[in-house]
Every structure is written in C-alpha cells, then in structure tokens.
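# Structure assessment
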Amino acid sequence: MSTLILGFLTSLIVSFIATPYVKRLAVKVGAVDAPNQRKVHTRIMPRMGGLAIYLGYLVAFFLFVPYSSIGEMLGIFIGSTIVMVVGMLDDKYQLSPKWKLLGQLAATAIVVIPFGLKIGVVNLPYTGSIDFSSGWLFWLAIPITMFWIVGVTNAVNLIDGLDGLSAGVSAIATATMAIMALLMGDYKVATYCFVLLGAIVGFLYFNFHPARLFMGDTGSLFLGFNLAALSIMGFKEALFVSFIIPIVVLGVPLWDTFFAIVRRIVNKKPISSPDKGHLHHCLLNMGLSHRATVLTIYSISIFFGTMAILLTKTTKWTTLIVMVALLIATHLGTEIVGLVSRRHRPLINAYRRLKVKYAEQQRRTN
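Each value, and the rule that gives it
- Residues numbered from 1 in each chain as written.
- Predicted model: local features only at pLDDT ≥ 70, side-chain atom pairs only at ≥ 80, totals over all residues.
- Heavy atoms only, no water.
- Core = buried A, V, L, I, M, F, W, Y, C linked by side-chain atoms within 4.5 Å.
- Buried < 20%, exposed > 50% of the residue type's maximum accessible area, 1.4 Å probe, protein only.
- Helix = DSSP H or I, 4+ residues; strand = E, 2+ residues; numbered from the N terminus.
- Contact = heavy atoms within 4.5 Å.
- Phe/Tyr/Trp six-rings, centres within 6.5 Å; stacked < 30°, edge-to-face > 60°.
- Lys NZ or Arg CZ within 6 Å of the ring centre and 35° of its normal.
- pLDDT = per-residue confidence, 0-100.

Our focus in this paragraph is the nonpolar core. Core analysis: the largest hydrophobic core is formed by 92 residues, its most contacted members being Ile53, Tyr57, Tyr192, Phe222, Leu230, Val248 and Val249. Here this core takes 13 residues from helix α7 (residues 187-207), the largest share from any one element. Ignoring sequence-local partners within four residues, the contact set of Tyr192 consists of Tyr57, Phe61, Val65, Met73, Ile76, Phe77, Asn226 and Leu230.

Rendered as structure tokens:
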C-alpha cells in the first residue's frame, strides 16, 4: 500500500511542478488554442498541458511500477508515449485526422503485437465464455483489441471541450479501475493506476475552471490510450461479465461518442464532422454554467464508476437488470438533454402519447 501512495504522490508532485513550465513552453513554441464557433473559451489559451501529465507519469512509472511484470505495462508505456508525441505535434501543427489516426494505429499495434496486450477470456451472461487465447479467435483478438483502444482514445479526445472535463473524467475512470484492481488483488494494475491518477490530479489544479492551460491532444490522446489499454489489461481474465465492466467504467466518453455518431447519421452529416452537439454543449444550452456542467458530468462519471464496481459483486440476474436499467437511463438522459436531436425523442414522445391517451380515457370515464 505504501508503494501505491508513494507512486501517487510522486507523479502528482512532478506533474504539479512541471505544469507552469509546460505552459511557458507551449506559448514559446506556439502551441495555443484560438477560440472559434465550436469552442467555449473566448481567448487564446496555451495547450499541450498533457506533457506535464506525461512527465509526472514518466518519473513515477520507472520508480514504482514493478519490473517483475513489466511486459504489457512496458508496451502501454511505449504506446502511450507515441500517442503523446502525436498529440504534441497536433497541438503545434494541427495534424490532419489521417496522420493522427496513423499514429494511434502505430502505437496500438506496438502494444498489441510484440507486447501481447489482447483481450483474453470474455465472460458472457448465461452463455459461458469466449476464449480468444487460442485457435482462429487468437487472430480475431488483434483487430478487436486495436479497434477498442483506438475507439476509446478518440472518445476521451472528443469530450475534451471544457476546462477540466477530460482530465476529471479520466481521473474518475482511473480511480475506478484502481479500486477494482485492488478488490481483485491485482497490485501491478493498481500501482499503474495510482501513478497515472496522481499525474492527472497534479495537472487538474491548473486545468479546472477557469483553466490556465489546456491539456490539448497531448493529454487527451495519452489519457485515452492509457484508459483503453488498462481496461483490457485489468479485466481481460476477470471472473465476472468482463465485456461489460470496461464499457461501464468508460461510460461517459463512450456514451458521448456513440450518440455523436448517431446524431451525425440522423442529420446526414459525415461521422468525422465536428459539431456543437456533445454532452457538455447540451448541458450548457440548458442553462448550466461552465463549472456546473463539468461537475454534472463528473457526477455522471462517478455514478458509472460506482455501478461498475457494484457489478463485480452482483449475481448474473442482478447484472442483467442493472444493465437494462442503465441503458434505459442513458437513453432517457440522451433524449432529455437533446444529445441526438430535439426531434428524435422516442421514449419521451411515447410517454407523452400514453399520458394523452390516459387523460382522454379519464375524461370519457367522467
């Protein structure tokens, strides 16, 4: 336990001390974010703050992550370093989506192929399990794992729209995985999570509203890659419904990204086209302040994290009931905030029709 605390404090202190210097570096090299019609901030802000997170993580990683099980973790370290560099280049030069995706695929291929980080046994409710460790499924595991890592990396990148939002949501997801790793007795994953968590918290002091700098793609790609890889390494052989837990832990970014895709399909726009319809935009449009919006999304993230932890201790029937309830609640929340469209509200419209029908029946009865 002392190693966990020391790893957390070391990365926190290094990240905290490094952030002001990284801010000056960002301004010096011209890695700044100018306001436009899609963005919430109204003045030029330095970005590339994710470098401070990386430096805190870097120091604590080599000091505290156990070398006896360094294989997959070293792969994650190398892969996350690559995406961090890609993010730095994007913060400075505004890379095209093609080059950003190529960098993410290269980083993912490194952690998956030579270092062997792949999904293992996927436990399914009532139907047994799928073992991806042998036969033709072994080769299928590679593209599935790469798709998951790249998808989550970009999902975390997409929610980075308000001060402290991506960092805070990532911190909550990391803390959730740390708790679950401790409950499963996996101290190597727990150590890695504490190291990453400390680096995020040290930076968040400067990034929370009103932010003094942004993490930029340097930070959001780095954090997204780590969360995706950790969700596989920590739970690939778990004895519970392993395919559900990572989805719930990363509920907020996956929710926002999924409905962003749905929204663009419904509105007949390219999936990659940017817009102002993300969760934080919708909450701001409902009248919430900048800080209240961020805290609301933090609360949703904590809720998802709590549900993920509880799901590890429930029976199969309880798991199924909870998942159905989560899906209904998520869809209802999507309709309330207008995450897809103000017109496409099937649950709310069905409720209104039932309400009108019930009122008509009452009038006829009376």
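Moving on, we get to the packing of aromatic side chains. For the structure on display, the rule yields 17 aromatic pairs. Ring plane angle 70 degrees and centroid distance 5.8 Å describe the contact between Tyr57 and Tyr192, whose orientation is recorded as edge-to-face. In this pair, Tyr57 sits in helix α2 (residues 50-64) while Tyr192 sits in helix α7, placing the two residues 135 residues apart along the sequence. When its relative accessible area of 1% is taken as the criterion, Tyr192 is described as buried. Taken together, the aromatic side chains of Tyr54, Tyr57, Phe61, Phe62, Phe77, Tyr192 and Phe222 make up a single cluster linked through ring pairs. Just above the ring of Tyr21 sits the side chain of Arg24; from NZ or CZ to the centre is 5.1 Å.

So, about the confidence of the model for the protein chain. In this model, the protein chain carries a mean pLDDT of 85, and residues with pLDDT of at least 70 account for 90%. In the predicted structure, residues 237-241 sits below a pLDDT of 50 and forms 13 contacts with residues beyond four places in sequence or in another chain.

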